[in-house]
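Working through the structure, step by step
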Amino acid sequence: AVGNKMTGKDSSLEVPLSHSQKILGGRPGFKTKYTAYVTPDGVLKSLDATLFIDCGSVPNDAIGYASFCLNTLRACGAGPYNIENLRWKCQLIKTNKQPITYMRAPGEMAPLYSLENIMEKIGRQLQKDPTDIKYMNLLREGNIDSVNIVEPCDRVHDTWQIVSPIYNQLKSEAEAFNASNEYKKCGVAITPQRARWTNNFVYGGVTLIIGRYDGSVVLHSLAHER
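Heads up: these notes are all about the structure in this document.

The rules behind these values
Residues numbered from 1 in each chain as written. Predicted model: local features only at pLDDT ≥ 70, side-chain atom pairs only at ≥ 80, totals over all residues. Heavy atoms only, no water. Helix = DSSP H or I, 4+ residues; strand = E, 2+ residues; numbered from the N terminus. Buried < 20%, exposed > 50% of the residue type's maximum accessible area, 1.4 Å probe, protein only. Contact = heavy atoms within 4.5 Å. Areas by Shrake-Rupley, 256 points an atom, 1.4 Å probe, with all protein chains shown as cover. Pairing = 2+ DSSP bridges. Axes fitted to C-alpha atoms, helices over the stretch in contact; angles between N-to-C directions. Core = buried A, V, L, I, M, F, W, Y, C linked by side-chain atoms within 4.5 Å. Phe/Tyr/Trp six-rings, centres within 6.5 Å; stacked < 30°, edge-to-face > 60°. Patch = residues over 30% accessible without salt bridge, like charges linked within 9 Å, V, L, I, M, F, W, Y side chains within 5 Å. Salt bridge = Lys/Arg side-chain N within 4 Å of Asp/Glu carboxyl O. Expected span 1.5 Å × (residues − 1). Bend = angle between axes of the 7 residues up to and from the residue.

1. Here we look at the overall build of the chain
Check the secondary structure of the chain and you find six helices and five strands. Put simply, the chain runs from its N terminus to its C terminus through helices and strands in the order α-α-β-β-α-β-α-α-α-β-β. Here the chain, with 226 residues, has 31% of them falling under the buried criterion. Across the chain, contacts joining residues at least 24 apart in sequence account for 62% of those joining residues at least 6 apart. When the accessible surface of the chain is split by element, carbon and sulfur atoms take 54% of a total near 14800 Å².

2. Some thoughts on the sheet that holds strand β1 (residues 29-38)
Pairing in this open sheet of three strands is mixed, and the strands run β1-β2-β3 from one edge to the other. Because the sheet does not close on itself, it has two edges, and the strands there are β1 and β3 (85-94). Direction aside, neighbouring strands of the sheet carry axes that sit 15 degrees apart on average.

3. Let's talk about the nonpolar core
Core analysis: the biggest nonpolar cluster contains 24 residues, and Leu47, Ile83 and Leu115 have the highest contact counts within it. Counting only elements with at least two residues in this core, the list comes to β2 (44-56), β3, α4 (109-125) and α6 (155-179). In contact with Leu47, other than residues within four places in its own chain, are Tyr34, Thr35, Ala36, Ile83, Asn85, Leu86, Arg87, Leu115 and Ile118.

4. Comments concerning the packing of aromatic side chains
Here the structure, examined in full by the defined rule, presents two aromatic pairs. Seen in terms of ring centroids, Tyr135 and Trp160 are 6.1 Å apart; in terms of plane orientation they differ by 40 degrees. Their pairing is tilted. Of this pair, Tyr135 sits in helix α5 (residues 130-136) while Trp160 is found in helix α6, placing the two residues 25 residues apart along the sequence. Judged by its relative accessible area of 33%, Tyr135 falls in the partly exposed class. When its relative accessible area of 6% is taken as the criterion, Trp160 is described as buried.

5. A closer look at a nonpolar patch on the surface
A contiguous nonpolar patch, built from Leu13, Val15 and Ile23 and spanning about 330 Å² of accessible area, is present on the exposed surface. Looking at the secondary structure, you find Ile23 in helix α2 (residues 17-23). On the accessibility criterion, Ile23 (57% relative accessible area) is exposed.

6. Focus: the pattern of salt bridges
Going through the model one piece at a time under the given rule, you end up with ten salt bridges. Residue Asp48 is joined to Lys89 by a salt bridge in which the shortest nitrogen-to-oxygen separation is 3.9 Å. Residue Asp48 is located in strand β2, and its partner Lys89 is located in strand β3; the two are separated by 41 residues in the primary sequence. What makes Asp48 partly exposed here is its relative accessible area of 24%. For Lys89, a relative accessible area of 34% puts it in the partly exposed group. The partner of Glu116 in a salt bridge is Lys134, and the shortest N-O contact between them spans 3.1 Å.

7. Here's the deal with α6
Helix length check: α6, at 25 residues, gives a terminal C-alpha distance of 36 Å against a target of 36 Å (1.5 Å per residue), a fit within 8%. The largest bend along α6 reaches roughly 40 degrees and is located at Val163, with the proline Pro165 sitting one to four residues downstream. Of all the residues in α6, the buried ones are Val156, His157, Trp160, Ser164, Tyr167 and Ala174. On its buried face, α6 sits against α5.

So, in structure tokens, the structure goes:
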């Protein structure tokens, strides 16, 4: 603004994408404690989970988890899995850390990240491939998710089937690499996602982020019929 005023010429502020992501807000730190009932073959039948949120000195955006996202509407705990009995609870923890600033993004990420960790732990506990555990728990057409919505189609399962051949190829390459390297190792994983985002108060909008140096493009599109 000062440069524009003094020179009378157009000016712009260029912020690297990595800096922008740190400046424009984020999600608070969290830890999940849970009790799960799993069948011997790896089907997750029941999950009772509590999300402990590290708010810092002020709740800010973290309070949204306790009200809208989890405790009240359970809108952000549905995920891509068919869990017959699912309960999410949220506990805000005040600490001496600097609080995060608000951001506009789906609030599913914290509970869904926890779900993925739970699936991984189930696989290790049963000595099974976590990928197989995830697959057998995917939502299918006719299943009822955690917010009592009937899944209208097999989109989660079908998307997994499309991606699976690529995953299997990458897995074979990783295994070959690990077999021929004693100290350097690599790995690959497949993570399903399913985010509910059709809120009545969202009437549409598009956000476009372009990483100038690496060429990456991120496009967020929200639409809702009024």
